[in-house]
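Residues per chain, in single letters:
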Amino acid sequence: MNMFLRGLAWMNAAGFLGAKFIHYSRWKSDLEYAFQHAFAVAVQGMLEDVYKTRDCNEDDGYAHDSGDGGAEASPLESSNHNVEQNDNDRDDASSSSPSSSFPISFHHFITPQDDYHLKQASAEDASHHMLEPTLISLYRSAHTYGKHKLRIQLYSKPNQARIESMFVLPFLTRREVEDNLSLKHSYRNIVKALQQKSAKEARELSYFEIGSIVLEKLDEMSTKQMQRRKASGLDPANGSSSTMQITVVAQVSIDCDEVFVVKDIETGDVVQGDPNGNINDVTHLVRFEIVVDLSDKGEVTIGNWQIT
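On a predicted model such as this, the values are computed, not experimentally measured, just so you know. (Residues numbered from 1 in each chain as written. Predicted model: local features only at pLDDT ≥ 70, side-chain atom pairs only at ≥ 80, totals over all residues. Heavy atoms only, no water.)

## Considering the overall build of the protein
In terms of regular secondary structure, the protein is built from 8 helices and 7 strands. A total of 308 residues make up the protein; the buried ones form 40% of that total. Sequence-distant contacts, at least 24 apart, represent 71% of the contacts inside the protein between residues at least 6 apart. Accessible surface, the protein: about 17700 Å² in total, of which carbon and sulfur atoms supply 52%. (Helix = DSSP H or I, 4+ residues; strand = E, 2+ residues; numbered from the N terminus. Buried < 20%, exposed > 50% of the residue type's maximum accessible area, 1.4 Å probe, protein only. Contact = heavy atoms within 4.5 Å. Areas by Shrake-Rupley, 256 points an atom, 1.4 Å probe, with all protein chains shown as cover.)

Okay, here's the thing in structure tokens:
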């Protein structure tokens, strides 16, 4: 039953994104490649945003947006599985760049200048990184715990992306929850309604009863969403037209060849990662979200994917 429900959720989400049965395999393959590409661009952009570096390679086939119109890159002198750097030469380490085989490339000392940049930055500065603003804020704040003491080295090459799951959250978006925190419990309230009904009847509910209650609650959610949109001026107040929004969530695993080392500058100890700087096979599980608008005239408008 669990596999059936997951498959149903997958097909429902794919349908809202415009997938056609006859071309489904090609559609899925193209989407997974797009996720792989977006992950590389988003991570590189996040690193540039947090530390204000410009180490990305313009010739790696990935469309990096540096935000200031410039990007510099030079190939690594070493082509083996160890990425060698001179710990005693701060300038060389800060300006080193990976070869074109690593779309995600970062080698940086945390400096007092980073703190200045972060204080001057705003969430909007990172909008082109395809990361949800609160996620950007999390990365910005995380580095302060070890500021001025760490050398971070990350080279990563995404090789393959696989969609592990995909489902729809009807009549609710992340932006709406940010504006009204009470909406965060919308789906928990549906579960609570099922539990209350079961307790009242002193028995387990049938599938028909569960379906009826869920559909009733979803209908209430759609009505309230349209009312919110009219109240905020997003839809005409006279009711001539209305739009409902859903969120499609995709959980994607991305396989990478990756070098990751975090070293304490003062002690020389490796705090995290491979002490030898070897390339390792690493899989990242990444959550993507997209908002789809459904008009009462049958028009479907698909938004932009964002990593959350």
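## Remarks on the side chain of Arg229
Positionally, Arg229 belongs in helix α8 (residues 207-231). The exposure class of Arg229 is buried, given its relative accessible area of 9%. Residues within four places of Arg229 in sequence aside, it is in contact with Leu234, Asp235, Thr243 and Gln245.

## A few points about the nonpolar core
In terms of nonpolar packing, the biggest core is built from 37 residues, with Met166, Val248, Val252 and Phe288 touching the most fellow members. Elements that contribute at least two residues to this core include exactly α1 (2-16), α2 (24-51), β1 (104-109), β2 (150-170), β3 (243-264) and β5 (280-295). At 10 residues, α2 tops the list of elements feeding residues into this core. Judged by nonpolar contacts, the second largest core, of 7 residues, contains Leu172, Val177, Leu183 and Ile190. (Core = buried A, V, L, I, M, F, W, Y, C linked by side-chain atoms within 4.5 Å.)

## What about the environment of Leu17?
Mapped onto the fold, Leu17 is located in the loop between α1 and α2. When the C-alpha atoms of Leu17 and Ile302 are compared, they prove to be 7.0 Å apart, with 285 residues separating the residues in sequence.

## A word on the pattern of salt bridges
Scanning all chains against the criterion turns up 13 salt bridges. Two residues, Arg203 and Glu201, come together in a salt bridge whose shortest N-O distance is 4.0 Å. With a shortest N-O distance of 3.0 Å, Glu289 and Arg287 are connected by a salt bridge. By sharing partners, the salt bridges in this structure join Lys197, Glu201, Arg203 and Glu209 into a single network. (Salt bridge = Lys/Arg side-chain N within 4 Å of Asp/Glu carboxyl O.)

## Let's talk about the confidence of the model for the protein
In the predicted model, the protein carries a mean pLDDT of 78, and the fraction of residues at 70 or more is 72%. The secondary structure element of the protein with the lowest average pLDDT is helix α3 (residues 90-95), at 38, and the one with the highest is β5, at 95. The low-confidence segment residues 54-99 (pLDDT under 50) makes 93 contacts with residues lying over four places distant or belonging to another chain. (pLDDT = per-residue confidence, 0-100.)

## Concerning α1
Given 3.6 residues per helical turn, the α-helix brings residues three or four places apart onto the same face. The end-to-end C-alpha distance of α1 is 21 Å, a good match for the 21 Å that 15 residues give at a rise of 1.5 Å each. Those residues of α1 that sit buried are Trp10, Ala13 and Ala14. Burial along α1 is one-sided: seen end-on, the buried residues are contained in an arc of 100 degrees. Away from the buried face of α1 by more than 90 degrees, exposed residues Phe4 and Met11 are located. The first or second residue beyond α1 is Gly18, which carries a positive phi of 90 degrees. (Expected span 1.5 Å × (residues − 1). Arc of directions from axis to C-beta.)

## As for the packing of aromatic side chains
For the structure shown, the criterion picks out 5 aromatic pairs. Consider the rings of Phe35 and Trp305, whose centres lie 5.0 Å apart with planes at 80 degrees: the pair is edge-to-face. Taken together, the residues Phe35 in helix α2 and Trp305 in the loop between β6 (300-302) and β7 (306-307) connect sequence positions 270 residues apart. Look at Phe35 and you get buried, because its relative accessible area is 1%. Three or more aromatic residues joined by ring pairs form one cluster here, namely Phe35, Phe288 and Trp305. (Phe/Tyr/Trp six-rings, centres within 6.5 Å; stacked < 30°, edge-to-face > 60°.)

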